Amino acid sequence: MHCTGRLLLLTTGYPRQGLADTGRSPSLKSYRRPAAAASYTHQKIWSEQERFLAAFRTGGTIKAGLENVTVCRRTVELWKQHDTLRFKERFLAAHEEFCDSQEQILYSLNGGLKPGQNPVGLLGTLNANRPEKWHPALKLTHEVPNELIQQLQRLKALGPSTGAKGTGAGRCGRRGADADAVGVKSPN
């Protein structure tokens, strides 16, 4: 699709009243269509944005949202960048609705999961869209690397192997005194 650019840089004269000002949680009911006195261009942009957001809520991607409108990806980026008609907040609210729908699907699947069924794709979607909630928690403490460094320093302090070859060494030939110094038992 060729992007004509006629709706790209329009900014509104409306005051920006964010949700932080009102103290309300984001919901689509808090976003009103421009008044009848608003220009035809504002009304046209609003309707394009609403069609995009409706498809975005179900598909979850910008590409899915673009299938429903006559604008290109760059236009959507500029709507977000310039916050045209409070698009940024409405976009985030639509993204939250998509994530909520994905979680609802996962919870319903979990209830009736049968052997052989695997919700990995859905978990991947949730991991990408809500990493603070669905990202696998991997917690490394600072003690693990420090213990490893201390063991390596002990091995370095021992220097070259002084044990006789063949004392329970197996294939590598170094399972004698050096290995016992760091707590590894020889097989003999």
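Residues numbered from 1 in each chain as written. Predicted model: local features only at pLDDT ≥ 70, side-chain atom pairs only at ≥ 80, totals over all residues. Heavy atoms only, no water.

Our focus in this paragraph is the environment of Thr 84. The topology assignment puts Thr 84 in the loop between helix 4 (73-82) and helix 5 (87-111). Of the residues examined, Thr 84 reaches a relative accessible area of 1% and is grouped as buried. Between the C-alpha atoms of Thr 84 and Gln 49, which are 35 residues apart in sequence, the distance is 9.5 Å. (Helix = DSSP H or I, 4+ residues; strand = E, 2+ residues; numbered from the N terminus. Buried < 20%, exposed > 50% of the residue type's maximum accessible area, 1.4 Å probe, protein only.)

Under the criterion given, the structure shown has six aromatic pairs. Centre to centre, the rings of Phe 52 and Phe 56 are 5.9 Å apart; their planes meet at 15 degrees, and the pair counts as stacked. Of this pair, Phe 52 and Phe 56 both sit in helix 2 (residues 40-59), four residues apart, which is roughly one turn of the helix. The exposure class of Phe 52 is buried, given its relative accessible area of 0%. Its end group placed over the ring of Phe 91, Lys 80 keeps NZ or CZ at 4.3 Å from the ring centre. Directly above the ring of Trp 46 sits Arg 90, whose terminal nitrogen or CZ lies 3.8 Å from the centroid. (Phe/Tyr/Trp six-rings, centres within 6.5 Å; stacked < 30°, edge-to-face > 60°. Lys NZ or Arg CZ within 6 Å of the ring centre and 35° of its normal.)

A word on the nonpolar core. Among the nonpolar cores identified, the biggest contains 15 residues, and Phe 52, Leu 66, Val 76, Phe 87 and Phe 91 are the most heavily contacted of them. Those elements that provide at least two residues to this core are helix 2, helix 3 (62-66), helix 4 and helix 5. Residue contributions to this core peak at five residues, all from helix 2. Those residues within four positions of Phe 91 in sequence are excluded, and the remaining contacts are Phe 52, Leu 53, Phe 56, Ile 62 and Lys 80. (Core = buried A, V, L, I, M, F, W, Y, C linked by side-chain atoms within 4.5 Å. Contact = heavy atoms within 4.5 Å.)

On to unusual backbone geometry, then. Leave glycine aside and you will find that most residues have negative phi; peptide bonds, for their part, are mostly trans. For Asp 83, which is not glycine, the phi dihedral falls at a positive 55 degrees. Following the sequence through the fold, Asp 83 ends up in the loop between helix 4 and helix 5. You can call Asp 83 buried: its relative accessible area is 12%.

Our focus in this paragraph is the confidence of the model for the chain. Per-residue pLDDT for the chain has a mean of 73; in total, 61% of the residues score no lower than 70. Mean pLDDT per element in the chain: helix 1 (residues 19-22) is the minimum at 40, and helix 4 is the maximum at 96. Across residues 5-29 the pLDDT falls below 50, and counting only partners more than four positions away or on other chains, this stretch makes 43 contacts in the model. This model gives residues 166-170 a pLDDT under 50, and the stretch forms seven contacts once residues within four places in sequence are excluded. (pLDDT = per-residue confidence, 0-100.)

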